[in-house]
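Geometric and topological summary
If you want the building blocks of each chain, they are given just below.
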Amino acid sequence: MLFRLKVVLFLVLHVLPKVKNSMVNLNNNGYDGIVIAINPSVAEDERLIQNLKEMVTEASAYLFHATKRRVYFRNVSILIPMTWKSKSEYLTPKQESYDQADVIVAEPHPRYGNDPYTLQYGQCGDKAQYIHFTPNFLLTNNLPIYGPRGRVFVHEWAHLRWGVFDEYNMDRPFYIPKKKSNSFQIEATRCSTHITGENVVVNCKGDSCITRPCKRDSQTGLYEAKCTFFPQKSQTARDSIMFMQNLDSVTEFCTEKTHNQEAPNLQNKMCNHRSTWDVIKDSEDFQNASPMTGTNQPPRPTFSLLKSKQRVVCLVLDKSGSMASEDDLHITRLVRMNQAAELYLIQIIEKGSIVGMVTFDSTAKIQNYLTRITNDSAYMEITANLPQRADGGTSICSGLKEGFQVITHSGQSTSGSEIILLTDGEDDKISSCFKEVKQSGAIIHTIALGPSAAKELETLSDMTGGLRFYANKDISGLIDAFSKISSRSGNISQQALQLESKSLNITGRKWINGTVPVDSTIGNDTFFVITWTMKKPEIILQDPKGKKYRTSDFKEDKLNIQSARLHIPGTAETGSWTYSLLNRHASSQLLTVTVTTRARSPTILPLILTAHMSRNTAHYPSPVIVYARVSQGFLPVLGANVTAIIETEDGPQVTLELRDNGVGADTVKNDGIYSRYFTEYGGNGRYSLKVYAQARKNTAKLSLRQQQNKALYIPGYVENGKITLNPPRPEVKVNEAEAQVEEFQRVTSGESFTASGVPPTGPHTHVFLPGKIEDLEAEVKGDNIQLFWTAPGNVLDKGKANSYNIRISKSFLELQEHFDKAALVNTAGLIPKEAGSKEIFEFQPEPFKIENGTKFYIAIQAIHEGNLTSEVSNIAQAIKFIPPQEPSIPALGTSISAISLAVFGLAIILPIF
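Fair warning: this is a prediction, and the values are worked out from it, not measured in the lab.

Another point: the confidence of the model for the protein chain. Averaged over the protein chain, the pLDDT score is 88; the fraction of residues at 70 or greater is 91%. Low pLDDT (under 50) marks residues 887-913, which in the prediction has 61 contacts with non-local residues, meaning those over four places away or in another chain.

Let us look at the sheet that holds strand β2 (residues 30-32). Spatial strand order, β1-β2-β4: 3 strands in an open sheet with mixed pairing. Of all the strands in the sheet, just β1 (25-27) and β4 (72-73) have a single pairing partner and so form its edges. Relative to β4, β2 is paired through 2 bridges, and the arrangement is parallel. For Tyr-31, the partnering residue across the bridge sits in β4 and is Phe-73. Lying over the sheet, helix α5 (residues 149-162) contacts β1, β2 and β4, oriented at roughly 70° with respect to β2.

Bringing the pattern of salt bridges into the picture now. When the charged atoms of two side chains with opposite charge come close together, those side chains can pair. What the rule picks out here adds up to 30 salt bridges. Between Glu-187 and Arg-190 there is a salt bridge, with its nearest N and O atoms 3.0 Å apart. Exposure class is identical for Glu-187 and Arg-190. Each is buried. Two residues, Arg-311 and Glu-350, come together in a salt bridge whose shortest N-O distance is 2.7 Å. Taken as a pair, Arg-311 in the loop between β14 (302-307) and β15 (312-318) and Glu-350 in the loop between α10 (333-348) and β16 (354-360) lie far apart in primary sequence, 39 residues in all.

Once that is clear, we can look at the pairing of strand β45 (residues 803-809). With 6 of 7 residues buried, β45 lies mostly within the body of the structure. Taken together, the 7 bridges between β45 and strand β48 (residues 855-863) define a ladder with antiparallel strand orientation. Opposite Ser-803, over in β48, you have Ile-863 as the bridge partner. Of the strand pairs in this sheet, β45 and strand β46 (residues 823-824) are connected by 2 bridges, and their pairing is antiparallel. Each residue of the ladder has a partner; that of Ile-808, found in β46, is Ala-823.

Below, the discussion takes up the packing of α10 against helix α11 (residues 376-383). For any two helices packed against each other, one specifies the inter-axial angle together with the distance between the axes. Contact geometry for α10 and α11: axes closest at 10 Å, N-to-C directions at 165°. When the interaxial angle is binned, α10 and α11 end up roughly antiparallel. Note that α10 runs across α11; the crossing there is right-handed. Along the contact surface, α10 presents Glu-342, Leu-345 and Ile-346, while α11 presents Tyr-379, Ile-382 and Thr-383. Grouping the amino acids of the contact of α10 with α11 by side-chain chemistry returns 4 nonpolar, 1 polar and 1 charged.

What follows concerns the packing of aromatic side chains. Geometrically, a pair of aromatic rings is defined through the distance of the ring centres and the angle of the planes. Throughout the structure, instances matching the rule amount to 30 aromatic pairs. Where Tyr-620 meets Tyr-681, the ring centres are 5.6 Å apart and the plane angle is 85°; that geometry is what we call edge-to-face. Pair noted here: Tyr-620 is in the loop between β31 (617-619) and β32 (624-632) and Tyr-681 is in the loop between β36 (673-678) and β37 (685-695), with a separation of 61 residues, a long-range link. In this structure, Tyr-620 and Tyr-681 share a single accessibility class: buried. When the centroid spacing of 5.0 Å and the interplanar angle of 20° are considered together, the rings of Tyr-687 and Phe-753 count as stacked. With Tyr-687 in strand β37 and Phe-753 in strand β42 (residues 744-756), the pair connects residues that are 66 residues apart, well separated along the chain. These aromatic residues form a ring-pair network of at least three members: Tyr-31, Phe-73, Phe-133, Phe-137, Tyr-146, Phe-153, Trp-157 and Tyr-713. Note that Lys-68 overlies the ring of Trp-277, its terminal NZ or CZ placed 4.7 Å from the centroid. A cation over an aromatic ring shows up here: Lys-233 above the ring of Tyr-717, its NZ or CZ 4.1 Å from the ring centre.

Examined against the element boundaries, Pro-135 turns out to sit in helix α3 (residues 135-139). Residue contacts for Pro-135: discarding those within four places in its chain leaves Val-42, Leu-48, Val-105, Ala-106 and Glu-107.

Another point: the sheet that holds strand β8 (residues 130-133). Read across the sheet, 6 strands follow the order β7-β8-β6-β3-β5-β14 without closing on themselves; strand pairing throughout is mixed. Both edges of this open sheet fall to β7 (117-119) and β14, since each of them pairs with a single strand only. On average, each strand axis in the sheet is tilted by 25° relative to the strand beside it, whichever way the strands run. The pairing of strand β3 (residues 34-38) with strand β6 (residues 103-105) spans 3 bridges and is parallel. By the bridge assignment, Ile-36 is partnered in β6 with Val-103. Here α5 sits on the sheet and contacts β3, β6, β7 and β8; the angle it forms with β8, its principal contact strand, is near 150°.

The next thing to look at is the side chain of Lys-484. Within the secondary structure, Lys-484 sits in the loop between α15 (477-483) and β21 (497-506). One buried charge, Lys-484, has no salt-bridge partner; the nearest side chain with opposite charge is Asp-99, at 8.3 Å. What Lys-484 contacts, discounting residues up to four positions off in sequence, is Leu-467, Phe-469, Thr-748 and Ser-749.

Conventions adopted
Residues numbered from 1 in each chain as written. Predicted model: local features only at pLDDT ≥ 70, side-chain atom pairs only at ≥ 80, totals over all residues. Heavy atoms only, no water. pLDDT = per-residue confidence, 0-100. Contact = heavy atoms within 4.5 Å. Pairing = 2+ DSSP bridges. Helix = DSSP H or I, 4+ residues; strand = E, 2+ residues; numbered from the N terminus. Axes fitted to C-alpha atoms, helices over the stretch in contact; angles between N-to-C directions. Salt bridge = Lys/Arg side-chain N within 4 Å of Asp/Glu carboxyl O. Buried < 20%, exposed > 50% of the residue type's maximum accessible area, 1.4 Å probe, protein only. Parallel < 35°, antiparallel > 145°, perpendicular 65-115°, else oblique. Left-handed = near helix turned anticlockwise from the far one by under 90°. Nonpolar A, V, L, I, M, F, W, Y, C, P; charged D, E, K, R; others polar. Phe/Tyr/Trp six-rings, centres within 6.5 Å; stacked < 30°, edge-to-face > 60°. Lys NZ or Arg CZ within 6 Å of the ring centre and 35° of its normal. Lys, Arg positive; Asp, Glu negative; His and termini not counted.

In structure tokens:
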């Protein structure tokens, strides 16, 4: 049974994550354009705005010091939702929106409590998606747990802006230092090691709490699972903000001198053991940010309060002569455009939106002034004017200017309004209206149809914060592009979700069958749409209870755009819907099946899929990464089958199976982010991205793990020889069986990206190295050492390597600095497996002997058949440790009131033994 979140509306009005176009820029040491957006569900509370201002102001001074007088926050926009009352001081947004905000204020899933965190899944140095603060975090005194809110903001800003990672690790809180080869001293995972504290186990039952020293695990040599590091309240260490920014003394990031390279944390894994300050200094921000001279503090940040407005959209559609081209599909581009535009107006755009339409060729014509979409007649008023003939030249600027006229004619402002611009033509005068476009404040989404569409289209999207899409040979590509241009308000309960988008080449007089699962999170406003290229097919659709809909039930458009639509009455039945299509033409023809729906109820979070590339532009031979996120609310969905299809202007489609295994392109295992490297460039120009996610019954589940990349919840402190406990982190116990996800399917498009520098002919994968192994583990097994790792690819994360180069040493530094000089392990008989497979290899560590107290270090390189070698893997540690018999430890306890454990802010004092 699907894990249903019985929550109120605020959890449904949740960010829909996607590739972001942040408006932040750095000018003369000050950050401008920061957007903090409050979710429409958050109850109106003036204190939120005031506390946000205080947090950012405090953070600015802290950031200025932490970056050695380089950067501070100069101006910030706070986006107020439409659900709040209007006030005279609230201004109209321009391109600011909830789904493009740098910081969101939204209710959490109860499992995560109020931990501030950053949605971050890129590589080292990559910008993250957004920072999430909850109203409770902003309105409650969290000082003992997280420290001052301004410090927390700087911790999260470093994740967001500079792509650094946390320097603690809740999964591996302790480690044995590698550089001390003859020592079994245990260290807490932290940076820097100058931060002092005590390692103890605290057990509380009823009114009594006891502490005792941590015991060692005989298998790992590390402390037992219940052992916790409690920092001293009073410290002298100034590093590091990415470990415990809450400590009074901590005011800096770890530098090369203070960085703990050995700590098994995400910063070391992702950034190749570089310090956070080294990564920050190499960021784009710091290339042109010299320290400010003098001793004066920077000015305090200024704030603008912006209130979201009703959605205003104008379609600006190309009807030039080239739109009559059939592209070898027996269907003109004009008809394809009209099919997609009609679907957008009827099925995608949210009710209550205000919509107009302009068509253009050599000149532009207003077809519809703004109309509020409230019922079928409003849709028909616009779709009736979709163009029926294609002729003339291409004047994109004329279309945009008339689009602005449509918006202002009805008294609306172009600021914050949206234009959807579709064209297939070249236009060498498009740059002549760039200035006017920028001044308008409008958001322009561009759809390039075919390989000849103006190359400057992406500039329009980039300068206005709009989305960019490319459609070419995939006949359903235009529909997919339109389907992604949804509301930017953060309210996903009203947004259309795509369940199916399939192009089918059916031979003459033949049937074809398919299924579409409708899960219990969706089913409202469900449409099945069939398009054809030559002759309308026979259609049979059956719901899970056996009710059949036939061809006559599908409404055919009066404009002869070769499309038929069925709107399922009420709420669609949960389960598998099956369809059968008969090609009634004697020749083969292309049919498409598109299914869209919305959330079943405002109180049930729908499963969502979003996707994007790591960059919008790529220069060969740099690989880019495909990212897809599958989630229900804030909960990641694990175990889904996620496939990306990338289409080039001229080359074949590339299909990639995306993985959530924590290796290769994937940052963290089992976080619901599915990733893969893209290296199969098919030429220069535009590329489109389409992603499918599906899961059969009981194969996927919701992840109940804690969020990565967040401010650490401090368990307590050591002060004057005693432990002061913070209240335990709130937990919601959920039955694992309830977290199972039923059968589901989703389809989405990512924005287009462009490639340059690609050689003209032949395969190019030989320039890419084999993937780096990042999850190597080792353990002593009798007189042998057993290794475990995930197989890399011959080309990054694809294929399989030709061989492995495994080396062993008793010195960590030898492997780290002189890998090729370490002892070579005999790998005869070790044949690499396909990328993503689990590898196990056991060997005798000749010429070494395994004795109690011995520590070994092992690392691997993967080798390409052309003798290209991967980077050296992470260095694994294998230890032979037989702990001495420990004397029994008396249970020493301190009696306390049971209520002390539950009341926030009431300290629990325990002695250390």
